[in-house]
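Observations on the three-dimensional arrangement
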Amino acid sequence: MEYIVVSILNGVVHGLLLFMVSAGLTLIFGMMGVLNFAHAWFYMLGAYVGFTLTRLGGFWIGLLLAPIIAGLAGALVERYMLRRVHHYGHAHELLLTFGLAFIIEEIIKLFYGDALVSYQMPDYMRFAAFTIFETNYPFYRLFMGAVAIGMFVFLYLLLTRTRVGIIVRAATYRPSTVEALGHNLPLVFMGVFAGGSALAGLAGAVAGAFYPTGPNMAVDFGTLVFVVVVVGGLGSVVGALIASLMIGLFISFSVGLNVSIADLLGLFGLGNWANDIGGLFTLQLSTIANSMPFLLMLLVLLIRPAGLMGDRQ
Amino acid sequence: MSQARNLVLIAVGLAILAIMPLFLSANLMNAVIKMMIAALFALAFTLAMGQAGMLSFGHAAYYGLGAFAALHLMRAVEMKLFFFPTPLVPIAGAAIGFLFGAVFGWLATQRTGVYFAMVTLALAELLFTLAPTWNSVFGGESGISTMRGASWGLSFGSDSHVYYLTLAWFVISAWCMWAFTKSPLGRLALALRDNEHRVRFLGFNTHVARTLIFAISCLFTGVAGALLAIANEATNYTIFSAQASANVVLQTFIGGAGTFFGPALGAATMTFFARVTSDLTRSWLLYQGLIFVLIMLFAPEGLGGIVSLHARKLRPGGWRHLLLPYLLCLVAALPLIGGLVFVVESIHVIMTDAYFAKRAAAGGAWVAYQLFGHTFEPLGPTTWAIPITLLGVGSLLLPMARRVTAAAWLLATQDQPPPSPRAMLSLQHPSRS
Amino acid sequence: MNRAIAAASMPGALSGAPVLELRNLTKSFGETEIIRGVDLVVKRGQRHALIGPNGAGKSTLFNLISGHYVPSSGEILLNGETIAGLPPHAINRRGLSRSFQITNVFPRMSVAENLRISIMGRHGHRLTLFRPVASLKAVNDEVDGIIDKLRLGRRRNDLAGDLAYSEQRILEMGMSLATDPAVLLLDEPTAGLSREETAYIVELIRQVTEGRTLLVVEHDMSVVFTLSDQISVLVYGEVIASGEPAGVRADKKVQEAYLGEEVH
């Protein structure tokens, strides 16, 4: 029982973190048709900014600066790179952001090395929020979840209650009409791009203090984000939320389950036979927890090729 | 006749490749082997991408699977389970590549465009996370290793045997892929790249077609992987990494996906530079990424595209106009490159543990560091002056070089003759959607 | 073999038998109903025009018939066989082909290649690997034949993307024609063309579609009345009139729907 509750809590937090990053990505794609491959690399950038500033004395300053720097980087990328190659088509833009991701990763490796860095939360945040069934539940996990929920609320209010939000939403459907109505469309694009990147940076700064921070975090997290958008349907923020939570829960439940196919077959009396075969049959779920999202994606693709909330192509 | 010219070029190229081992050291021969493998990988990748428009971000999956298949086969031979001639081992890579290409391709081609790219990435990551846990097949963290077996009177102990084996397979595979472009399926691939939607309404089951094309691409990727396994006699799960998939994408587009040999050119060149600079710098991947982004921004057709542009557009004798402008471009580019390299390498040295230790020993002061055989003071005026001057000079010269080159280009190509009056009367609508 | 002639020799295939039938066809996108119960009969050998104000649903109807959309309800019958819900390629293989309002060619391939793709499928060369396409004599002969019919001989080796707009429209139509359909759906073939070009293309259409059944969406009324022997009028997703041109022209409902439209 304890396992279930803890896994649910962990899964939801992880899912919310995923959502923080994928929401930006899916919004940008929905509006501009550009898939920013480097999105998860802005996440990593945010984590390293957080790390650097924490080392220099200010964790909270790091949390403040990470989104600003990531947002600024996003704005520059949109203005000086993406806009340039826009007329070559979406595949070209994707490739450009792909190269960018590569460069960001190499620059970070240049400054910080190949190994993990020790980005830690401040000591006063290192306590248990509550105890559940004899497990101490870390406060920081709840903090991460709170930041993610706060961001979600902020985004929701921004998009639905403000003038800027209406313009942005309109631009998602009919960019040329918005422009014809006199709005500065390039500015809207740049703003959305910068905003999405800033969110990713904030997520990185928050998560990096808890999860391992290293040059591989972008690839690891990034592929998860891509799975989220494939499963949830590109352009659908709600789809991204559902898919993020699903994947978060999937991973967190798998991590603790030391069951294998052989164990399942054991229920039918075939345990010994399966164990003798070894290989795939004795592989424990916990070991392949990292592969679960991809298996989920394959499953979804087989059943519903357009994603959960995507429309038929 | 350009066709005759191309054949001559190819014949000369093959001849050079064939006699090279006589003049190369073992190290260089190994480098050329790796270049050929990379070129084959890039050609196979382009079959799906440049031709059918299927951008795959996870092609290393089939590369790795080919390698592991080859290794298992060679191991079986090594353990005397049965005999299989070493020169035919890449067939195993081809078979496994095709099989997984078909299965994964069937899944991935349910979607198009960016979705397709992401699915291929996720599939490769699936293998990457699964492989280290599946010891019997992938050898866990350390991988699998074996020895090449003697076959057909050759020991395959020396590099030159491996070289010729690789060359043979490279030539055969390249020819097959070129023949593919001339077959009905190959033409269909181009149509799919241009307008997949339309192809459906012409009676083609595009899902089946794209799966088959993808599987063929993976077949040759598997061959490349098998050749790598034969050359290295070992591999491990890192062959499935996103890094490996990313590399082939970068190299292909640097070379240019629009021509047949562009990708091979890009892959061979980048592999060569990677090896040559591996002693001088550890930041080669950064440079490769920068080259890629610059090409994406300013020369989207890649190196191959630039070559083909010259071949197509220059009128006879036109190249004379371009000699000086290109020299000027070089003069502008070199300081920029120099300044960049200086900055990157300096940062690199400063960030190493050895330097950190030196600083700690000096009480935290910014001690001098060594670079390119010279000593530099991190806070000294010369250390800052060098990159600033280089970058400054380069930036000033660059716009001028561009203007001069553009003007010379007009002269050198003397673009199409003015349109005939009749052609001018026919209505031209920009109707490309 | 010309499938139209083959179809015409089937039992019951008298000129005048229905070759394409829509029965109570509806299509909704979410809450919005675009096609609200369409009944339409196209007889063999007819030149049938589909007209209606903008937004009536003509393109949607074409998308339904050609397999791009699945109907929400109702039937689509081709030669008596139901085709609703089949994928586009299956419908094409059963003898129905469509062209597009927005030119939909392969811009980076030559005119001859564009047509070759359209033709080679019928000769069983959809997935052929081991023969160079240049060696397929039957296919290449047919390509030459259709290039002549379309009078695009001069542009044979030019890239489709480099053609003049009017030539692209001809190629667009030619590609659909090249699949040798019994029923040809043309979606605004004269869209964007000048008066001279329109006359030219109408004449061409008349020639190349001999013996085939034609369903054309058109806005240009002069084309409609020149080319067609049957007209159906689609307004807000319903067919409000269907019959011979003179009768439709005089129909009160049709005139109301077109109030404000200039009739040439």
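Placed above this text is the structure.
Quick notes on the rules
Residues numbered from 1 in each chain as written. Chains lettered and ligands numbered in written order. Predicted model: local features only at pLDDT ≥ 70, side-chain atom pairs only at ≥ 80, totals over all residues. Helix = DSSP H or I, 4+ residues; strand = E, 2+ residues; numbered from the N terminus. Buried ≥ 20, exposed ≤ 12 C-beta atoms within 10 Å, placed from the backbone. Contact = placed C-beta atoms within 7 Å. Nonpolar A, V, L, I, M, F, W, Y, C, P; charged D, E, K, R; others polar. Pairing = 2+ DSSP bridges. Axes fitted to C-alpha atoms, helices over the stretch in contact; angles between N-to-C directions. Parallel < 35°, antiparallel > 145°, perpendicular 65-115°, else oblique. Left-handed = near helix turned anticlockwise from the far one by under 90°. Expected span 1.5 Å × (residues − 1). Core = buried A, V, L, I, M, F, W, Y, C linked by C-beta atoms within 7 Å.

**Re the overall build of chain A**
Counting its secondary structure elements, chain A contains 13 helices and 2 strands. Across its three principal directions, the C-alpha atoms of chain A cover 70 × 50 × 40 Å. Counting across all 313 residues of chain A, residues that qualify as buried make up 46%. Expressed as a percentage of contacts within chain A between residues at least 6 apart in sequence, the contacts between residues at least 24 apart total 75%.

**Overview of the interface of chain B and chain C**
Chain B puts 26 residues into the contact, and the matching count from chain C is 37 residues. Within the residue set of the side of chain B that touches chain C, elements represented by two or more residues are α8 (184-200) and α9 (206-232) of chain B. For the side of chain B that touches chain C, the element with the highest residue contribution is α8 of chain B, accounting for 10 residues. A breakdown of the residues in the side of chain B that touches chain C according to their chemical character gives 11 nonpolar, 9 polar and 6 charged.

**Focus on the sheet that holds strand β6 (residues 96-98) of chain C**
All names here are of chain C. Strand order in the open sheet made by the 6 strands is β6-β7-β8-β3-β9-β10, with mixed pairing throughout. Of all strands in the sheet, those bounded by a partner on one side alone are β6 and β10 (238-243). Strand-to-strand, the axes of this sheet are offset by a mean angle of 15 degrees, without reference to chain direction. With 4 bridges connecting them, strand β3 (residues 47-51) and strand β9 (residues 230-235) associate as parallel partners. Counted as the bridge partner of I51 is V233 from β9. Sheet strands touched by helix α2 (residues 58-66): β3, β6, β7 (183-187), β8 (213-217) and β9. Its angle to β7, the strand with the most contacts, is close to 150 degrees.

**Observations regarding the pairing of β7 of chain C**
All names here are of chain C. Of all 5 residues in β7, 5 are buried; the element is thus mostly enclosed. Judged by which residues are buried, β7 turns out to be covered on both faces: V183, L185 and D187 on one side and L184 and L186 on the other are all buried. Here β6 runs beside β7; their pairing, made up of 3 bridges, is parallel. Of the residues in β7, the one forming a bridge with R98 is L185.

**Notes on the interface of chain A and chain B**
The partner chain B presents 39 residues to the 40 residues of chain A that form the contact. For the side of chain A that touches chain B, the elements supplying multiple residues, two or more each, are α3 (59-85), α4 (90-112), α9 (217-232) and α13 (292-303) of chain A. In terms of residue count, α4 of chain A provides more of the side of chain A that touches chain B than any other element does, 15 residues in total. The residue makeup of the side of chain A that touches chain B, split by class, is 28 nonpolar, 10 polar and 2 charged.

**Observations regarding the packing of α9 of chain A against helix α10 (residues 237-256) of chain A**
Residue and element names in this part refer to chain A. In contact at an axis separation of 8 Å, α9 and α10 are set at 125 degrees when each is read in the N-to-C sense. Taken together, the axis directions place α9 and α10 in an arrangement best described as oblique. In terms of crossing hand, the pair formed by α9 and α10 is right-handed. The segment α9 lies against α10, with L224, V227, V228, V229, V231 and G232 engaging G239, A240, I242, A243, S244 and I247.

**Things to note about unusual backbone geometry**
Residue and element names in this part refer to chain C. Notably, N24 is not glycine yet its phi reads approximately 50 degrees, a positive angle. Structurally, N24 can be placed in strand β1 (residues 18-29). A positive phi is found at R151, a non-glycine position, where the angle reads about 55 degrees. By the element assignment, R151 lies in the loop between α5 (137-150) and α6 (165-178). For R151, a count of 15 C-beta atoms within 10 Å translates into the label partly exposed.

**Looking at the sheet that holds strand β2 (residues 32-43) of chain C**
All names here are of chain C. If you trace the 4 strands from one edge of the open sheet to the other, you get β2-β1-β4-β5, paired in antiparallel fashion. In this open sheet, the two strands that pair with only one neighbour each are β2 and β5 (81-82). Relative to strand β4 (residues 73-78), β1 runs antiparallel, the two sharing 5 bridges. Of the residues in β4, the one forming a bridge with L20 is L78. On top of the sheet, α2 reaches β1, β2 and β4; it is set at about 65 degrees to β2, its chief contact.

**Concerning helix α7 (residues 159-182) of chain B**
Spanning 24 residues, α7 of chain B covers 35 Å between terminal C-alpha atoms, matching the ideal 34 Å at 1.5 Å per step. All of the buried residues in α7 of chain B are D159, V162, Y163, L165, T166, W169, F170, S173, A174, M177 and F180 of chain B.

**Quick look at the nonpolar core**
Formed by 278 residues in total, the largest nonpolar core has its most connected members in Y43 of chain A together with L40, F41 and A70 of chain B. Here Y43 of chain A is in contact with V21, A200, G201, A203, G204, A218 and F221 of chain A, once residues within four sequence places are set aside.

**Some thoughts on the pairing of β4 of chain C**
Residue and element names in this part refer to chain C. Where β4 and β5 come together, 2 bridges link them in antiparallel fashion. From the neighbouring strand, L78 faces β5, where its bridge partner is E81. Hairpin connection of β4 to β5: 2 residues between the antiparallel strands, including N79 at a positive phi of 55 degrees.

**What about the environment of G204 of chain A?**
Residues and elements named next belong to chain A. Tracing the backbone through its elements, the reader meets G204 in helix α8 (residues 185-208). Along the backbone, G204 and L95 are 109 residues apart, and their C-alpha atoms lie at a distance of 23 Å. The residues touching G204, leaving out its near neighbours within four places in the chain, are Y43, M44, L45, G46, A47, G50 and A66.

Distances and angles like these do not, on their own, reveal function.
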